[in-house]
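Geometric and topological summary
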Amino acid sequence: MLSNLAFFSFIGYNLFYQHNIGGIYLPPLTLLLKPASGLCNMRCKYCFYTDEMHCRTDALRGIMPLRIVEKIIRDAALSADGYINFIFQGGEPTLAGINFFKETVRLQKELIPPHIKVFNSIQTNGLLIDEEWAEFLSENNFLAGVSLDGTAHIHDAFRLDANGHGTFSQAMAAAQLLKRFGVETNILCVITEQAAQCGAELYRSLTDAGFEWLQFIPCISPFEGTHHSFELTPQRYLDFLLSVFACYEKDRLSGKHVSVRFFDDILRRLSGSPVATCGMNGRCAVSYTFEADGSVYPCDFYAVDEYLLGNILHSSLDRLARSAAAEKFLCESLTLPHECRSCEFFSLCRGGCRRDRDNAHQLGKNRWCSVYRQFFSAILS
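What comes next is a walk through the structure. (Residues numbered from 1 in each chain as written. Predicted model: local features only at pLDDT ≥ 70, side-chain atom pairs only at ≥ 80, totals over all residues. Heavy atoms only, no water.)

A complete count under the given rule lists 31 aromatic pairs for this structure. When the ring of Y302 is compared with that of Y307, the centres are 5.5 Å apart and the planes differ by 85°; the resulting orientation is edge-to-face. Put simply, the rings of Y237, F245, Y248, F262, F263, F345, W368, Y372, F375 and F376 touch in pairs and so form one group of aromatic residues. Against the face of Y49 rests K34, its NZ or CZ located 3.8 Å from the ring centre. Across from the ring centre of F119, 5.6 Å away, lies the NZ or CZ of K117, which sits over that ring. (Phe/Tyr/Trp six-rings, centres within 6.5 Å; stacked < 30°, edge-to-face > 60°. Lys NZ or Arg CZ within 6 Å of the ring centre and 35° of its normal.)

The structure is reproduced here in structure tokens:
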């Protein structure tokens, strides 16, 4: 690896202009909608949202009625300052049906003034993506994230359909179909203990398949209950980051464009630019997460009863953001161990994602602290 920040100086200047599904800069108003609640046609072994639903009084909320979509859009149009980013996740959002999305786009065009720019993105497992979906997403400028864990043997070990069968071939076919229709496509890859052992292989399998926008997300530990053998350990995660960064560095220096959001954000942080990964901002914001019944939570990782802000049918975005539950969430998020403040790499990680600091709802040191310290030390030496 290059020393004295030479690599970062070489490629860091152009990141301001790049754009992917996560976005380099999130528009001022970002809304995450779960049109099919936690309903899913897959049974991923590591699904964090299944765990969250088990921490709620009412787990599944069905399909989102269009009257709720309309209320969200009307409120967004009143609250936005230039941009609105609509993100559709699940569960599996395509289970709401393509007509749901067609009507949503119609309502956006009808209710949002033309001076406000609208961005739409969808995160999908790909099982229902066909040419009709691909054409719709392309014509309406959706950004599409496809959940694809790199290689068939890793993906099929954890990402199973309802019958217990692997889904790699369907997910890969969906991602390639979206690319063929000109849909800007991002790959989201969950890093388990097993996946972390073959980081370079995962990276190369995705880039060789023609994907340029990649996100590698560490497997999230459950709020409560049984822990599993696929949960990522610090040493494996460090090995993964180092091996993937070596591939990323080689490609970027050779002129091949590849975006890995975490690495890109390090470059942005070093250049003084805003980052895309909210966990690197040092504090949480209210990231409106709408369940199918209109319930609103401050974050997709905290869609549990304790942090329910209210319901959009009975309130407004502004009132929800100023609610007691929102204040509680934000105040808690400011808590950091003293050792973070004195860490030489604090300016890069800012303590990391709150969920990675959450131990039975007691915020402490990030569980990847030792990983990040060693990783930053290695790439910046």
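For the rest of this paragraph, the subject is the environment of R269. By secondary structure assignment, the location of R269 is in helix α10 (residues 261–271). What makes R269 buried here is its relative accessible area of 14%. R269 sits 78 residues away from S347 along the chain, and the two C-alpha atoms are 7.8 Å apart. Setting aside its immediate chain neighbours within four residues, R269 contacts V275, M280, N281, S347, L348 and R350. At 3.3 Å, the side chain of R269 and the backbone oxygen of S347 are in polar contact. (Helix = DSSP H or I, 4+ residues; strand = E, 2+ residues; numbered from the N terminus. Buried < 20%, exposed > 50% of the residue type's maximum accessible area, 1.4 Å probe, protein only. Contact = heavy atoms within 4.5 Å. Polar contact = N/O pair within 3.5 Å; in protein donor to acceptor, adjacent residues only side chain to side chain.)

Turning our attention to helix α15 (residues 369–379). Those residues of α15 not exposed but buried are C369, V371, Y372, F375, F376 and I379. Along α15, the residues classed as buried sweep out an arc of 155° about the axis, all on the same side. (Arc of directions from axis to C-beta.)

Take unusual backbone geometry next. Of the consecutive residues G90 and G91, the connecting peptide bond is found in the cis state with omega at 10°. Here G91 shows up in the loop between β2 (83–88) and α4 (98–111). A positive phi angle is found at N141, which is not glycine, with a value near 55°. One can find N141 in the loop between α5 (131–139) and β4 (143–147). On the accessibility criterion, N141 (63% relative accessible area) is exposed. Unlike most non-glycine residues, R350 shows phi in positive territory, near 55°. Take R350: it is sitting in the loop between α14 (346–349) and β11 (358–359). On the basis of relative accessible area, R350 is assigned to the partly exposed category, the value being 26%.

Turning our attention to the pairing of strand β3 (residues 117–124). Across 6 bridges, β2 lies against β3 in parallel orientation. Considered in β3, the bridge of F86 is made with N120. In terms of handedness, the path from β2 via α4 over to β3 forms a crossover that is right-handed. As paired elements, β3 and β4 share 4 bridges and run parallel to each other. (Pairing = 2+ DSSP bridges. Right-handed = clockwise from strand over helix to strand, strands pointing away.)

This brings us to the layout of surface pockets. Taken as a whole, the second largest pocket holds about 380 Å³ of empty space. In terms of lining, the second largest pocket is formed by 21 residues, of which the most central are V118, F119, N120, N140 and N141. Looking at which element gives the most residues to the lining of the second largest pocket, the answer is β3, with 4 residues. Across the lining of the second largest pocket, the residue classes tally to 10 nonpolar, 7 polar and 4 charged. (1 Å grid on protein atoms, 1.4 Å probe; cavity = no way out; pocket = protein on both sides within 12 Å on 5 of 7 lines; lining within 4 Å. Points joined across faces, edges and corners; volume = space filled by probe spheres on them. Nonpolar A, V, L, I, M, F, W, Y, C, P; charged D, E, K, R; others polar.)

Before going further, it helps to examine the side chain of D356. Mapped onto the elements, D356 comes out in the loop between α14 and β11. Leave out the neighbours within four places in its chain, and D356 touches K365, N366, R367 and W368.

As a further point, take the pairing of β4. Among the 5 residues in β4, 5 count as buried, and that is most of the element. Going residue by residue along β4, you find L143, G145 and S147 tucked away on one face and A144 and V146 tucked away on the opposite face as well. Between the parallel pair β3 and β4, the chain is carried across by α5, and the sense of this crossover is right-handed. In this sheet, strand β5 (residues 184–191) lies alongside β4 in parallel orientation, the contact comprising 5 bridges. Across the sheet, the residue bridging to S147 is L188, located in β5.

Quick look at the pattern of salt bridges now. According to the stated counting rule, one finds 22 salt bridges in the structure shown. Put simply, R354 and E332 hold a salt bridge, and the shortest N to O gap is 2.6 Å. Of this pair, R354 sits in the loop between α14 and β11 while E332 sits in helix α12 (residues 324–333), and the two are 22 residues apart along the sequence. Connected via shared salt-bridge partners are R252, D264, D265 and R268. (Salt bridge = Lys/Arg side-chain N within 4 Å of Asp/Glu carboxyl O.)

So far we have only geometry, and geometry alone does not tell us how the molecule works.
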